[in-house]
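Commentary on secondary and tertiary structure
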Amino acid sequence: MVNGGYTGKILRVDLTKGDFKVESLPTEWVLKYIGGDGFAARLLYDEVPARTDPLSPENKLLIATGPITGTLWPMSGRTVFVSKAAQTGIWGESHVGGFLGPELKYAGYDMLVVEGRSENPVHISIHDGDLELIDATPHWGMRTDEVTAAMRKHHNDPDVQVGAIGPAGEQLVRFASVIVNNARAAGRTGMGAVLGSKNVKTISIRGHGSVEVAEHEEFFKLAKKAHQKVRQNPQAREMGKWGTWILTAVKQEIGELPTFNHRTGVFSGWESLSGEYIRPRFTVSDRACFGCSLGCKKMNYIPDGPYAGTLEEGPEYEGLMAFGSLLGIDDYPTTLKANQICNKYGMDIISVGSTIAFAMECYENGIIDDSDTGGVPLEWGNTESAIKILQMIASREGFGDILAEGSKIASEKIGKGSEAYAIHVKGLEVSGQDGRTHRSIGLSHATSARGADHLRSLVVVDQLGYEKVAAERWGVDKLPEILNPYTEQYKATAVVETENTYCIRDTLIVCWYSVSWPPVFWMSDFAEMLPLATGIDAFGDVTTLVEIGERQLNLKRLFNAREGITRKDDQLPKRFTHEPMPEGPGKGQVVDLESLLDDYYRLRGWDPETGLPTKETLRRLSLE
Ligand code: SF4
């Protein structure tokens with residue numbers, strides 16, 4: 001029945017015992033979850049019990065792929081890191097591009113499970129069937145670029161794919177990331193801290209096998225057409241040219257460019273953070289992940305000024321926002337320097353930027369002063385201070401030690417009303433959106449499994465080409481309301497439907513930018529392709545795919561429910577629900593979250609009081 005797409009094997013490394021084990025991938029998992037996030041949700045739910053300390057040996061970290069990872073399907077080179085999150089203590093996941101996922105498949109595995117804790121620092125080395133734990137003591141303390149080079153030298157192979165933690169991961173900075181091949185970050189929720197707690201410095205992978213699909217010729221023809229579809233999509237082409245920098249102007253226009261710790265959604269210095277400004281002055285080359293014909297990644301160089309000589313990828317829109325407008329900084333070179341520090345030391349730029357913004361607002365309001373910060377004046381727009389405190393966080397030096405806990409825990413430690421300035425949901429800092437001027441993302445931030453999440457649904461930004469998809473999905477009569485970012489009407493409907501599609505996106509795993517924005521592929525495209533890849537006819541039915549997507553989403557909800565998450569936790573910071581947007585096109589707007597939640601729970605089949613799946617919903621999704 002399953003005759004393509006999968007290797008059929010899961011690789012486990014038990015760090016406590018120091019051994020590897022290869023297991024068969026259960027066919028039941030394939031049929032119920034397809035792959036990627038779905039496999040990871042099932043394994044984490046089954047094997048990491050409630051109340052497990054995320055930084056204990058009992059937690060597990062998974063790297064999962066999907067059935068088309070490493071095939072010719074466009075933008076299918078991504079992979080996902082999953083664990084109980086170091087930052088939030090609930091479901092954690094972080095998707096990353098590059099070449100790591102395909103390499104894992106070529107080495108012969110659909111998923112890697114890292115469990116236990118090594119007594120001493122180690123590298124996990126996977127070269128086809130050669131599995132090895134290598135002493136990493138000489139490399140402990142190295143930056144991610146240094147250790148990546150060291151591992152490639154060790155293996156005498158420049159094509160080894162390396163996921164590394166930097167000093168921040170070793171120091172258990174809560175939002176430490178895993179950096180793949182120097183520049184791609186499995187950024188959010190603290191995967192680097194989980195690896196650090198297990199004493200793992202790198203995971204390096206090299207494979208020489210291939211991924212067989214079920215219907216080779218038909219799959220090849222369809223994949224070729226799919227590449228053409230990507231290349232012919234005008235918005236995709238724009239994305240290839242500008243990357244996510246295109247968003248800066250869009251966000252400014254609708255009043256959703258988070259500025260001064262989300263106080264407002266318009267920024268007077270936005271033009272210096274826009275693609276039109278950055279590309280001609282600083283971009284030296286375009287880069288792409290495995291199998292991508294867009295190449296949205298940009299390599300940039302700073303020719304002069306205090307950061308002269310900085311050569312680095314990015315930052316993407318989220319980094320421009322987090323280390324730019326959010327801190328009142330209108331200087332692109334500072335954001336590139338910050339991104340370089342985040343990559344080399346291994347930190348999530350969204351969370352670290354937001355945590356610094358939190359500290360700046362505390363400083364402005366006299367909650368902290370120079371005696372707390374070690375003499376660093378945390379003023380809005382002060383580029384030197386922002387870079388200095390970033391370095392202090394990476395090494396947990398002085399006040400950086402408190403901020404390394406993230407804004408939620410830092411505010412609990414600081415007290416004195418600072419909680420009002422910690423802009424997070426369930427412990428994860430809010431990314432570059434604002435529910436006041438983009439209601440559907442407000443709902444998504446409040447309900448997503450990993451906390452304030454910008455990747456689980458994105459609808460209603462009419463500039464981004466959703467008109468066609470929205471009209472097909474929900475009918476032209478609802479279109480004006482659905483595409484109006486300032487109303488609650490129909491937003492739960494739109495969020496539920498896009499979430500279900502994005503769940504399939506994240507089981508496959510394909511790049512966000514082929515499904516979410518611009519929406520080049522939708523569920524019907526996957527229903528046409530998946531039977532050719534896997535030989536499983538059931539995947540050709542859109543209704544079946546929707547159910548599989550729902551099953552994954554509900555299983556993550558159940559994982560969080562065991563940690564005590566209910567409706568009371570599906571909240572937004574008061575800034576979004578009680579402080580009207582002070583200026584811009586959305587002036588006066590706040591989020592009516594409770595009405596959004598009522599609609600959302602009803603559509604999801606979740607209890608309106610608790611926000612948990614009802615027994616009937618669990619039965620319908622075979623999750624009893
Ligand atoms: S669009 Fe960008 S992130 Fe997506 S696969 Fe291509 S290069 Fe990677």
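Note that this is a predicted model, so its numbers are computed, not measured. (Residues numbered from 1 in each chain as written. Predicted model: local features only at pLDDT ≥ 70, side-chain atom pairs only at ≥ 80, totals over all residues.)

What to know about the overall build of the chain
- Secondary structure summary: the chain contains 27 helices and 17 strands in total.
- Computed over its C-alpha atoms, the radius of gyration of the chain comes to 23 Å, within 12% of the 25 Å expected for a compact globule of 624 residues.
- Along the longest, intermediate and shortest principal axes, the C-alpha atoms of the chain span 65 × 65 × 50 Å.
- By the burial criterion, 59% of the 624 residues in the chain qualify as buried. (Helix = DSSP H or I, 4+ residues; strand = E, 2+ residues; numbered from the N terminus. Rg over C-alpha atoms; globule rule 2.2 N^0.38 Å. Buried ≥ 20, exposed ≤ 12 C-beta atoms within 10 Å, placed from the backbone.)

Concerning helix α23 (residues 523-534)
- Here α23 contains twelve residues, and its C-alpha end-to-end distance of 16 Å stays within 8% of the 16 Å for a straight helix at 1.5 Å per residue.
- The complete set of buried residues in α23 reads Phe-526, Met-529, Leu-530, Leu-532, Ala-533 and Thr-534. Taken around the axis of α23, the buried residues stretch over an arc of 165 degrees, which confines them to a single face.
- Turning to α23, the residues buried within the fold contact α7 (216-232), α21 (491-508) and α24 (542-562).
- Looking one or two places after α23, you find Gly-535, whose phi comes out positive at around 80 degrees. (Expected span 1.5 Å × (residues − 1). Arc of directions from axis to C-beta. Contact = placed C-beta atoms within 7 Å.)

What to know about the sheet that holds strand β6 (residues 111-115)
- The strand order across the open sheet formed by six strands is β2-β1-β6-β3-β4-β5, and the pairing between neighbours is mixed. Edge positions in the open sheet fall to β2 (19-24) and β5 (91-96), since each of these has one partner strand only. Within the sheet, the average angular offset between the axes of one strand and its neighbour, ignoring direction, is 20 degrees.
- Of the strand pairs in this sheet, strand β1 (residues 9-14) and β6 are connected by five bridges, and their pairing is parallel. Paired with Val-13 across the strands is Val-114, a residue of β6. (Pairing = 2+ DSSP bridges. Axes fitted to C-alpha atoms, helices over the stretch in contact; angles between N-to-C directions.)

Quick word on the sheet that holds strand β14 (residues 297-301)
- Spatial ordering of the open sheet is given by β13-β14-β15, a layout of three strands whose pairing is antiparallel. The open sheet is flanked by β13 (283-287) and β15 (311-313), the only strands paired with a single partner. Adjacent strand axes in the sheet meet at a mean angle of 20 degrees, parallel and antiparallel pairs treated alike.
- Judged from the three bridges that link them, β14 and β15 form a sheet pairing that is antiparallel. Counted as the bridge partner of Asn-300 is Glu-312 from β15.

Quick word on the domain arrangement of the chain
- What the domain assignment lists for the chain is domain 1 (9-206), domain 2 (242-422) and domain 3 (433-620).
- Between the C-alpha centres of domain 2 and domain 3 the distance comes to 27 Å.
- Counting from both sides, the interface comprises 14 residues of domain 2 and, opposite them, 18 residues of domain 3.
- Residue composition of the side of domain 2 that touches domain 3, by class: nine nonpolar, four polar and one charged. (Domains from an automatic or database assignment. Nonpolar A, V, L, I, M, F, W, Y, C, P; charged D, E, K, R; others polar.)

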